[in-house]
Amino acid sequence: WGTVRVLSSNDTLSHALLPERLRVLFFTHFPFYDPEYTHSMSYSPVELIRFLQIPSVAKYEHITVLRNDSGALRMDDVIDNGPDIQSYLAENPFRHGTRILFLGTSQMWGSGAASPNERIAAKVSFLLNSGTSGRNIYVINASKRGSNSFDLSSSCKDHLYLFRPDLVILDLSNNDDARWFDKGLLSLLEWTRSIHSKTLFVLEPNSPEVDKIRDKHAIMRNISREYHVPLLDLNGYLASDTVYDSGFLWWDLVHLSSYGQELAAEFIAKGIRDHFPSNFEKILNETNDTR
């Protein structure tokens, strides 16, 4: 923590060094544990955030919209709530084409990539648009770090429907509890069908060194078969000998490096084209009609 200095009467917390502000916070402003009590006390995280002056909206609370209206990839950050999405769509209406909504955890959000344009969703956008004269495929990455199927289902019903996605990619497993995972998936599937959207399941991968999601992958496979939802085994693909030994794929046991995300994007983009070719035929026809 470095050197701790004593605040003089002329000092203010806004100018104090972070270590000193934390010291003051924990030893002066917050209740501390007293062994005579039967439990410890603390204020809510909101108070901690306010005291440390952390911005209320962090980067991961944004939705990334990737557009190709002019033939060049453009990334827009939209705050993850209804009014801000409505405002964005009013100023940036989507033209004719296909809207693809990505829903996942920190892995699909892009943790581990060296830059935003090296994340899975950005790479998928580039790959899909490169085959359609660079026009009219919109990729909307509404994945959230630390989320699960229930969190995402709530967001979908509350405001993500405003994007009117044609295709929803569900890349889940890591953060869900296996006991309730089927209910979360079915809630999302019910939502996609209520808005007449197609759905694609992706088995969220882990590094082969861990084996904590096999039971949840089995749940996704069962629902895929029962409800006729196409499924991509991204976990099996990345764990295959030729891919796993091809380079530095994983930053840790859950998050992919830029190279790993590039391979994942290629696999997912191919799966989208293979399972939903009519969407891209429609876009090509619309492109030709405008010439």
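Since this is a predicted model, take the numbers as computed values, not measurements.

Visitor: Which residues make up the overall build of the protein, and what values do they have?
Guide: Assigned secondary structure in the protein consists of 12 helices and seven strands. A buried classification covers 46% of the 291 residues belonging to the protein. Within the protein, contacts between residues at least 6 apart in sequence are counted, and of these 71% link residues at least 24 apart. Accessible surface, the protein as shown: approximately 15,300 Å² in total, 54% of it carbon and sulfur.

Visitor: Can you break down the packing of helix 5 (residues 120–129) against helix 11 (residues 258–275) residue by residue, with the values?
Guide: Their axes nearest at 8 Å, the elements helix 5 and helix 11 cross at an angle of 50 degrees. With respect to their mutual orientation, helix 5 and helix 11 come out oblique. The chirality of how helix 5 crosses helix 11 is right-handed. Contacts from Ile120, Lys123, Val124, Leu127 and Leu128 of helix 5 reach helix 11 at Gln261, Ala264, Ala265, Glu266, Ile268, Ala269, Ile272 and Arg273. Of the residues assigned to the contact of helix 5 with helix 11, the class counts are nine nonpolar, one polar and three charged.

Visitor: Lay out the pattern of salt bridges with the relevant residues and their values.
Guide: Side-chain pairing between opposite charges can occur once the charged atoms of the two side chains come close. Using the criterion set out here, one finds five salt bridges in the structure. The shortest N-O distance in the salt bridge between Asp80 and Lys144 comes to 3.2 Å. Highlighted residues: Asp80 in the loop between strand 2 (74–79) and helix 3 (82–91) and Lys144 in the loop between strand 4 (137–141) and helix 6 (149–158), separated in sequence by 64 residues. Across the salt bridge formed by Arg179 and Asp177, the nearest N and O atoms sit 2.6 Å from each other. For Arg179, a relative accessible area of 59% puts it in the exposed group.

Visitor: Describe helix 3, listing the residues and the values that go with them.
Guide: Along helix 3, the residues that are buried comprise Gly82, Ile85, Tyr88 and Leu89. Projection of helix 3 onto a plane perpendicular to its axis shows the buried side chains occupying an angular sector of 130 degrees, all on one side. For helix 3, the exposed residues set more than 90 degrees away from the buried face come down to Pro83, Ala90 and Glu91. Between the side-chain oxygen of the N-cap and the backbone nitrogen of Asp84 there are 2.9 Å, and the N-cap of helix 3 in question is Asn81.

Visitor: Pulling in residues and values, what's your account of the pairing of strand 5 (residues 167–172)?
Guide: Of all six residues in strand 5, six are buried, a share of seventy percent or more. The side-chain alternation of strand 5 yields two buried faces, one formed by Leu167, Ile169 and Asp171 and the other by Val168, Leu170 and Leu172. As judged from the five bridges shared by strand 3 (residues 98–104) and strand 5, these two strands associate in the parallel manner. For Leu101, the partnering residue across the bridge sits in strand 5 and is Val168. Each parallel crossover has a hand, and for strand 5 linked through helix 7 (residues 181–194) to strand 6 (residues 198–203) it is right-handed.

Criteria and cut-off values
Residues numbered from 1 in each chain as written. Predicted model: local features only at pLDDT ≥ 70, side-chain atom pairs only at ≥ 80, totals over all residues. Heavy atoms only, no water. Helix = DSSP H or I, 4+ residues; strand = E, 2+ residues; numbered from the N terminus. Buried < 20%, exposed > 50% of the residue type's maximum accessible area, 1.4 Å probe, protein only. Contact = heavy atoms within 4.5 Å. Areas by Shrake-Rupley, 256 points an atom, 1.4 Å probe, with all protein chains shown as cover. Axes fitted to C-alpha atoms, helices over the stretch in contact; angles between N-to-C directions. Parallel < 35°, antiparallel > 145°, perpendicular 65-115°, else oblique. Left-handed = near helix turned anticlockwise from the far one by under 90°. Nonpolar A, V, L, I, M, F, W, Y, C, P; charged D, E, K, R; others polar. Salt bridge = Lys/Arg side-chain N within 4 Å of Asp/Glu carboxyl O. Arc of directions from axis to C-beta. Polar contact = N/O pair within 3.5 Å; in protein donor to acceptor, adjacent residues only side chain to side chain. Pairing = 2+ DSSP bridges. Right-handed = clockwise from strand over helix to strand, strands pointing away.

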